[in-house]
Structures are given as structure tokens and as C-alpha cells.
There are 2 protein chains.
Amino acid sequence: MIPVDEAFARIMAQKIELPVAEVSLEEAVGKILREPIYADRDFPPYHRVTMDGIAIRYESYLAGEDTFRVEGMQLAGAPAQTLTHKDECLEVMTGAILPKNTDTVIRYEDVSIIERRGKRYAHILAAPKMRLQNVHQQGSDRKATDLLIPEGTLLSPAEIAVAATVGKASLKVTQAPRVAIISTGDELVKVTQTPLPHQIRKSNSYMLQAAMREQNVLADVFHLIDDKSLLLDELQQKFKKYQVLVLSGGVSKGKADFIPEVLQELGVEQVFHEVAQRPGKPFWFGKQAAGPVVFALPGNPVSTFVCYYKYIRLWLRAILGAAPAWNLQAHLTTEITFNPKLTYFLPVKVFISATGWRAQPVPIGGSGDFAGLLAADGFLELPPDQIKFSPGDTFPFIGFRS
Amino acid sequence: MIPVDEAFARIMAQKIELPVAEVSLEEAVGKILREPIYADRDFPPYHRVTMDGIAIRYESYLAGEDTFRVEGMQLAGAPAQTLTHKDECLEVMTGAILPKNTDTVIRYEDVSIIERRGKRYAHILAAPKMRLQNVHQQGSDRKATDLLIPEGTLLSPAEIAVAATVGKASLKVTQAPRVAIISTGDELVKVTQTPLPHQIRKSNSYMLQAAMREQNVLADVFHLIDDKSLLLDELQQKFKKYQVLVLSGGVSKGKADFIPEVLQELGVEQVFHEVAQRPGKPFWFGKQAAGPVVFALPGNPVSTFVCYYKYIRLWLRAILGAAPAWNLQAHLTTEITFNPKLTYFLPVKVFISATGWRAQPVPIGGSGDFAGLLAADGFLELPPDQIKFSPGDTFPFIGFRS
């Protein structure tokens, strides 16, 4: 039996090289970028007008001019016009390129437009404060060839917008690993079946599939019965096709718990078996030399949940190439006593306050009570070297809701 | 011009009835449940063994028996066996149904198994503490017909697992609205085009599409040029097909800003135009009597971002039928001064600490600098009735990363 931190470190040390896939911009959000994105030109690419109004030469204003004849209009999307008389002006629209021979924009609110003998004049009401006022200067945000988005970035809508701007209609992202979720346990029947009194329907594999889908990893789901030679055969087949296997059930000390034995016969090297935690203690983890990484989770639904969110989710994120997620923390609201020298994953509901997140324990009937999880938002990770956990103390929070 | 809270309230007051769609369990995660889910039988459905060991009658132990002959084995997934002699026992596996005539499980760690003349005996080393020890009692978590998941729940992997258990291979969820994202602005060219010096590539519409995709709303994207009669025609077409229109650009006071005018000509009733906020002040919002809800956002990328995350995201969540999201809050790390009587959406990067989230302002070159957003995680919402914002003070945090 090894401590939780040691189990976590050994899992994170298992690397998988994942290939690059090219996806359309539309499909790229939530995926991990596998190419650097550079500015193809300056940001903004031209002196960009930021207010509707008039463009003048600042020099002319300084020289005493306060009424400017309007020569014409510079619309957004039109090539730059040229101001022909230095003491005149051009109307300009937000987003337009600043006309040549002008350097300052005064917004409509600060001028009065006068019509006189068929001509338009702009009379200045509020003095411009400086040259380049209301102009977003070319290259002021980024210069052409600047690195905008480094490899390994988890693509949010902000990166999608920037990628569009530099002309990337598709992006190189990490291709998700091929994952098989395999439940075992002869008490399990299909969702569409009516179970006999001693049977229950499969649920862990759907939970795992849904959780991975939220990480953009689409996994295949299988069920195998507790027959040793059949398990050997079927798992060997899966080893050829999948890079990651997540098994559920069959890892405890029961008479039909063949999984660790079968995996070792198949050449999967055991990295650990049993972690000093509750729930999820019988967790088995290993790696086949030229084959898949294998997570074999206890079959109890709450254990499966804890092992996924504490270990597998973060490992998947790491092999996809993303930076670690935020380490959320929350204050315990009520005293908890837990005697065993195990890390305790306490189901909690969280509330957000100005002084941080508060985590309220959710009563749950042991690791088989996953209906109890419906009232929870995640788990508080309580360390093994403590028995009493006081209200107000802060612990890592592992959430499964958004 | 109306305050932010008023704009938010007016938006949230616009309801759309969305139909129900039936999706497979696999596709249901992240969607909103539109049927109540009940327990089809007790949870657990039988007295369920929670430890590998032996099952006895507690009465026999109390009567002084401490060594029990093993009659056989109860595996998980097998129909309940019956203990024939009260003073004997059955081996039992985790997940199995408790055998008839037994009521207490003693784990292997607490017994010693002895073979004598071809028979197996279990000698008790640690006394059982109570009847029903190591038994997850039938119906102790939930009773048959109990409501497990109410309508309106945002489906996390926990709900998916519970739905599988009660035999739901598919679930009724809210069908996403039909959304069109329409950019305008003659300075905009396609992502695949090389822009002329006065042009830029479209990016807002991709940003909006990506952000909605993260909410399971797949929107169609269009671009229209700044021509009034063309806008009238094209928008009328879109009104027939879509329930929600999100326009980007053309809502300021510029000469080519036809959008509010065109929308009103098309019978869209203006709910508001201009919100007391920066960025995003020219935001226009309206509703056509028998037609779509229309969000017309300013074309500046940062404004578009703020308007989406502050208003549209939460409105979409509400019309889909979900409970409001968590109201995140963060402490400002450095002093900020902002004079105008406007709500200021300050771009920030967040850090998580034991005393809550800390929000560090990200330098950004105005509402056109969306490359500046790459360093940010979201916005801090600073109220309009204040000029100085002190370090340590707490404000609502609107995030766009996970």
C-alpha cells in the first residue's frame, strides 16, 4: 500500500506520446494546441480609429485652428484616404484605417457639425488631449512575428479568436488517446435489461465515458465476465488497439478478482496495487512495456469516481499536453473525525463566499452509495496524518461539476 | 443608457420555450435534463456484501460459536444461496447478495481459515461489532419510486451513472436553440483570405461559436456587408430560421452602423441600446414579437467577449433550463482607478489561494486588444459608483477558461 501522493507521482510519470491532428477552428476549442501561433502582421495592422468622429492633424489644432472643413469620410473597410488640405478634416468611423496626413481623432460628442453654403464644417468643442488620441496604434499590442500562443495551450474562445485573426482556418492539436473502458463483475447487466434480484445494471463505465467526454476524450465501452481465460483473451485483443485501458471491478481480494493476476500474466508491469485512501483503496495501476497504460479501479461507484477525478483526469490532461489545472481549495464547514491512517475523500457540496469556497460534507452511505453523490459537487481531500478536521481549515477540493 | 444590472434583468426576462430532445446516455453529459428520474427499485436493491469474507448469523456468534464450518461460497452476480445450518457460514464476495439465513459479514482479515479433514472452517479472530456489519442494507440509500434527479439538472457524470442504474439508455434533455452568429463590417475578410492593409480577418464570430460550443450550443456563422437593403433582406431570411441572433458590429454611432435601424424596420422591438459599461457600451438588445431574440454586440473583440460572458452565456444557460452557475468572486491584487460612471470589466488573471481567489489585472490596450486577453482568465466586474478599487476588495469574477 502506498500513499496517495506517491500513487499520483507514479501515475504522472507514465508518459504517452500522442500524435498531432489537424482540426477546423470550429472544433478546436477545449483541445490542446500543438503548434506555436505567431502574429502574421502587426496588431493592430494599421492605425485603427477607435471612435466615430473626425480625424485632423494635431499640429493644425495647436496652430490655432478650431473649425475644420470636412473633405470626406473614411469608412471601416475602405483603403486609406488622404487629407489634402492640412487645415481640413475627414470624418472617420470606428474600425477604419486612420487617413493619411491625419494623426488625431476627435469623437462626434466633442465637435459640432455645421452646414454652411453646402459644405460641412466641424467645430471643436472639447480640445483634443494629445496626438494619436482615439487611435489604436499599429503594432501597439503585438508586432508581426511575435509569438501569440505557445504550444501546449488549452484553447479557450480567446485563442480561437486570435487564431482566426492570423489566418488559421485549422489548428494542430493533440489527438486524444484511444481509450477502452472495461467493466467486469458478473452481477452487472446491461442498461436495457431488467436485473434479477441479485443483479444491478452497469453504471461505472457510463460515468467514466461521460467524464472523459467532458475532456474531449471519446472512449469505447466494453463489459467482460469474470472468467479468467476469457479475460486473458479479450484483454489481449484490447491491448492491440488501445493506448489506455480503464478497468472497473475485480481488483479486491475476492475469489473472482482475477484482474491483477490476469494483467500480470499479460505482461503488464504492476506499478502499484492498493493506495492508502478511502474510498478506492484496492486501486491497481500498471504499464505494459510496448503496450497500454492500465488503470484498474475498484468496482464501487464512489471509488471509481474518486480515482477518476483524483488521478485519471489529471493524467489525461497532462498527456494531452496541457498545463496543470487550477488547484481548487475549500474550507471545511463542520468538524469531521476520521481515524484510519488513510487519505479520506469526503463528498462535499461547495458554496462560494468572499472569503473563499466553503465545503459542506454530504452524508453518504459508503462507497456503494453513488445516489448520495447527486447532492455533492466533489470531494475534499483530507490528509492521512490527522484524525480531527476542524471547521474553517482548508483542503484541496476535487470537483466534478461546472 | 441603462445600468448593467438593469440590462441583465431585461435579458433574463426574455424566455424561449425550447423543445425536448431524446439523446443517448453517452451524449447526455453537459445537457439539461427535462424529465424526472425515479428509483426503479431500492438502492441498493438487495442486502449487498461490502467486504470479502464470511457471512454468519449474528445470533450464533452471540450464543458462543467462534468457529464456523464453510458450507460454500456466495459470488457477486449469483442468486442468493441459503445457509442450511445456523452454526455454519458461507464465504461471500464484495458486491454479492447476502445469503439467506445470514445477517453479518466478517472480513477475511478478521478470520483464520482452517482446513480439517477436507473441510474448511473459519475461526473468528476479531469479534463482529453488530448485526449487519459489512452489509450495505437494501433500500438504505434510496427507496423504489424515490425521486433521484429532478428536471432541470445539468447532467454531470454522477447523474449519468445513476440514470444508467435505473435503466435509462436515453434521456430527455433540452434541445439547444437554433442560433445564428452574424458579423458585419466591411473591413472584415475571411480567415482564409490575405487582408489588404486596411482590412482584418473575422474573429468575433469564431470566438462566439467556440464559446457556445462549450455550452453544447452549435451555432451557424454568417457574414453580411454594411449595405442597408441587403442587411434587411438577409436578416429577414435569418429571422425565419433562427430563434436567437447574435450580431457583431454596426451598433455604434458610425455612418455605416445600420443595425439598430434595420432591426427596428424588421419589427424587432428594442429592449435597450447602450449599457453603462466599459467595454461594450453600444450593446443593443431586442425581441421580435413572434420572432427571434436579438443580441447586437459592438464589433470590438473585447466588448464582444464581455457581452457574451456577462449576459449571453447566462441567458443561454437559463433558457436551457439549468440553475444559475456559481457566482465566482475574487480579490483584487492591486489598486485600480477608474473614473467614468460605468461598470468596468477589468481583464484579470486569477490565482487560487487558501483565502480565496486573487485577481491580478492584465494590461490590455483597450477594447480592440484581444491578443491581450490571451494572458487573462476572465474579467473582474467593478461597480460604477466607485472610483478607487483597493487591493483585497472582492468583486464578481467572470471567467472564460477551465
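Since we're looking at a predicted model, the values are computed, not measured.

Calculation notes
- Residues numbered from 1 in each chain as written.
- Chains lettered and ligands numbered in written order.
- Predicted model: local features only at pLDDT ≥ 70, side-chain atom pairs only at ≥ 80, totals over all residues.
- Heavy atoms only, no water.
- Helix = DSSP H or I, 4+ residues; strand = E, 2+ residues; numbered from the N terminus.
- Rg over C-alpha atoms; globule rule 2.2 N^0.38 Å.
- Buried < 20%, exposed > 50% of the residue type's maximum accessible area, 1.4 Å probe, protein only.
- Areas by Shrake-Rupley, 256 points an atom, 1.4 Å probe, with all protein chains shown as cover.
- Pairing = 2+ DSSP bridges.
- Axes fitted to C-alpha atoms, helices over the stretch in contact; angles between N-to-C directions.
- Domains from an automatic or database assignment.
- Contact = heavy atoms within 4.5 Å.
- Buried area = accessible area lost by both parts, 1.4 Å probe.
- Salt bridge = Lys/Arg side-chain N within 4 Å of Asp/Glu carboxyl O.
- Polar contact = N/O pair within 3.5 Å; in protein donor to acceptor, adjacent residues only side chain to side chain.
- Nonpolar A, V, L, I, M, F, W, Y, C, P; charged D, E, K, R; others polar.
- Least-squares fit on C-alpha atoms with pLDDT ≥ 70 in both.
- Parallel < 35°, antiparallel > 145°, perpendicular 65-115°, else oblique.
- Left-handed = near helix turned anticlockwise from the far one by under 90°.
- UniProt positions renumbered as here; feature names shortened; annotations may be inferred.
- 1 Å grid on protein atoms, 1.4 Å probe; cavity = no way out; pocket = protein on both sides within 12 Å on 5 of 7 lines; lining within 4 Å.
- Points joined across faces, edges and corners; volume = space filled by probe spheres on them.

Trainee: Before we move on, could you go through the overall build of chain A and cite the residues and values that matter?
Mentor: When its secondary structure is counted, chain A shows eight helices and 28 strands. Computed over its C-alpha atoms, the radius of gyration of chain A comes to 31 Å, more than 25% above the 21 Å expected for a compact globule of 402 residues. Taking the principal axes of its C-alpha atoms as reference, chain A extends roughly 100 × 50 × 40 Å. Counting all 402 residues of chain A, 55% fall into the buried class. Summing over all exposed atoms, chain A offers an accessible surface of approximately 16500 Å²; the carbon and sulfur share of this is 50%.

Trainee: Kindly report on the sheet that holds strand β4 (residues 53-56) of chain A, identifying the contributing residues and their values.
Mentor: Residue and element names in this part refer to chain A. The strand order across the open sheet formed by six strands is β7-β4-β6-β5-β9-β8, and the pairing between neighbours is mixed. Of all strands in the sheet, those with a lone pairing partner are β7 (104-107) and β8 (111-116), marking the two edges. Here the strands of the sheet are splayed against their neighbours by 40° on average, with no regard to which way each runs.

Trainee: I'd like a description of the domain arrangement of chain A, backed by residues and values.
Mentor: Reports often express the size of an interface as the amount of accessible area lost when the parts come together. By the assigned domains, chain A splits into domain 1 (4-18 + 176-320), domain 2 (20-43 + 141-174), domain 3 (48-136) and domain 4 (329-399). On a C-alpha basis, the centroid separation for the pair domain 3 of chain A and domain 4 of chain A is 62 Å.

Trainee: Describe the interface of chain A and chain B, with residues and values.
Mentor: Residue-level contacts link 98 residues of chain A with 97 residues of chain B. Carbon and sulfur atoms supply 62% of the area buried between chain A and chain B, which totals about 7600 Å² over both sides. The interface formed by chain A and chain B includes four salt bridges. Of the charged contacts, one joins A:R401 and B:E159 as a salt bridge, the two residues approaching to 2.8 Å between their closest N and O atoms. Between the two partners, chain A and chain B, sit 20 residue pairs in polar contact (both at pLDDT 80 or more). It is helix α4 (residues 157-165) of chain A that provides the largest number of residues to the side of chain A that touches chain B, a total of eight residues. Looking at the side of chain A that touches chain B residue by residue, the class counts come to 47 nonpolar, 26 polar and 25 charged.

Trainee: Would you mind going over the relation of the copies chain A and chain B in detail, with residue names and values included?
Mentor: With an RMSD of 0.1 Å, the fit of chain A onto chain B corresponds to turning through 180° and sliding 0.0 Å along the axis. The transformation relating the two chain copies, once decomposed into turn and shift, fits a two-fold axis. Every residue of chain A has its C-alpha some distance from the rotation axis, and the shortest such distance is that of A:G356, at 1.9 Å. When the interface residues of chain A are mapped onto chain B, 99% of them again fall at the interface, so both copies present the same face.

Trainee: Report on the packing of helix α5 (residues 204-213) of chain B against helix α8 (residues 301-320) of chain B, specifying residues and quantitative values.
Mentor: Residue and element names in this part refer to chain B. Two elements in contact, α5 and α8, have axes separated by 11 Å at closest approach and are oriented at 25°. By the angle between their directions, the pair α5 and α8 is classed as roughly parallel. Handedness of the crossing formed by α5 with α8: right-handed. Between α5 and α8, the contacting residues are N204, M207, L208, A211 and M212 on the first element and P301, T304, F305, Y308, Y309 and L316 on the second. Residue classes in the contact of α5 with α8 are distributed as nine nonpolar, two polar and no charged.

Trainee: Break down the pattern of salt bridges for me, with residues and values.
Mentor: Inspection of the entire model under this criterion finds 34 salt bridges over all chains. Between A:K310 and A:E381 there is a salt bridge, and its shortest N-O distance comes to 2.9 Å. Pair noted here: A:K310 is in helix α8 (residues 301-320) and A:E381 is in strand β26 (residues 378-382), with a separation of 71 residues, a long-range link. What makes A:K310 buried here is its relative accessible area of 11%. The partner of B:E261 in a salt bridge is B:K228, with the nearest N and O atoms 2.6 Å apart. Here B:E261 is found in helix α7 (residues 259-265), whereas its partner B:K228 is found in helix α6 (residues 228-241), with 33 residues between them in sequence. With relative accessibility at 40%, the residue B:E261 sits in the partly exposed group. Under the relative-accessibility criterion, B:K228 is labelled partly exposed at 26%. What emerges from the salt-bridge pattern is a single network uniting A:E159, B:K349, B:D377 and B:R401.

Trainee: So, helix α4 (residues 157-165) of chain B: which residues are in play, and what are the values?
Mentor: Counting buried residues in α4(B) gives nine out of nine residues, a clear majority hidden from the surface. Taken as a whole, α4(B) has its buried residues at B:P157, B:A158, B:E159, B:I160, B:A161, B:V162, B:A163, B:A164 and B:T165.

Trainee: Describe in detail the packing of helix α5 (residues 204-213) of chain A against α4(B), supporting the description with residues and values.
Mentor: At a minimum axis separation of 8 Å, α5(A) and α4(B) run at an interaxial angle of 150°. As the angle between them shows, α5(A) and α4(B) are arranged roughly antiparallel. Considering how the two elements wind past one another, α5(A) and α4(B) form a crossing that is right-handed. Between α5(A) and α4(B), the contacting residues are A:Y206, A:M207, A:A210 and A:A211 on the first element and B:P157, B:I160, B:A161 and B:A164 on the second. The residue inventory of the contact of α5(A) with α4(B), partitioned by class, reads eight nonpolar, no polar and no charged.

Trainee: So, the UniProt feature "domain: MoaB/Mog" (unreviewed entry) in chain A: which residues are in play, and what are the values?
Mentor: Cross-referencing UniProt, the feature "domain: MoaB/Mog" (unreviewed entry) maps to residues 180-318 of chain A in the present numbering. End C-alpha to end C-alpha, residues 180-318 of chain A measures 18 Å, and it is 35% helix and 27% strand.

Trainee: Run through empty space enclosed by the protein, naming residues and quoting values.
Mentor: A probe as big as a water molecule, rolled over the atoms, marks out the empty space that is left. Enumeration over the complete set of coordinates arrives at three cavities of 30 Å³ or more. If you add up the space inside the largest cavity, you get close to 40 Å³. In this structure, the largest cavity is lined by A:Q329, A:A330, A:H331, A:G356, A:W357, A:T394, B:I352, B:S353, B:A354, B:G356 and B:W357. Going through the elements one at a time, β22 (329-332) and β25 (356-361) of chain A together with β24 (343-353) and β25 (356-361) of chain B are the ones with two or more residues in the lining of the largest cavity. Residue contributions to the lining of the largest cavity peak at three residues, all from β22(A). Of the residues contributing to the lining of the largest cavity, the split by class is five nonpolar, six polar and no charged.

Trainee: Go over the sheet that holds strand β20 (residues 284-288) of chain A with me, naming the residues and quoting the values.
Mentor: Residue and element names in this part refer to chain A. Reading across the sheet, the six strands line up as β16-β13-β17-β21-β20-β18 and stay open at both edges, with mixed pairing between neighbours. Here the strands that pair on one side only, and so sit at the sheet edges, are β16 (220-224) and β18 (268-273). For this sheet, the mean inter-axis angle between neighbouring strands, taken without regard to orientation, is 20°. One ladder, built from five bridges, connects strand β17 (residues 244-248) with strand β21 (residues 293-297); its direction is parallel. Bridged to V244 within β21 is V293. Each of β13 (179-184), β16, β17, β18, β20 and β21 is contacted by helix α6 (residues 228-241), which is oriented at about 165° to β16, the strand it contacts most.

Trainee: Residue-level account of unusual backbone geometry, with values.
Mentor: Across the junction of A:F43 and A:P44, the peptide omega takes the value -10°, indicating a cis bond. Tracing the sequence through the fold places A:P44 in the loop between β2 (37-38) and β3 (48-49). Positive phi outside glycine occurs at B:N101, with the angle close to 70°. Mapped onto the secondary structure, B:N101 falls in the loop between β6 (89-92) and β7 (104-107). Exposure remark for B:N101: the relative accessible area of 39% places this residue in the partly exposed category. In the Ramachandran plot, B:L132 falls in the positive-phi region, its phi being about 70° despite a non-glycine side chain. Position of B:L132 relative to the elements: it lies in the loop between β9 (119-124) and β10 (135-136). B:L132 sits in the buried class, given a relative accessible area of 14%.

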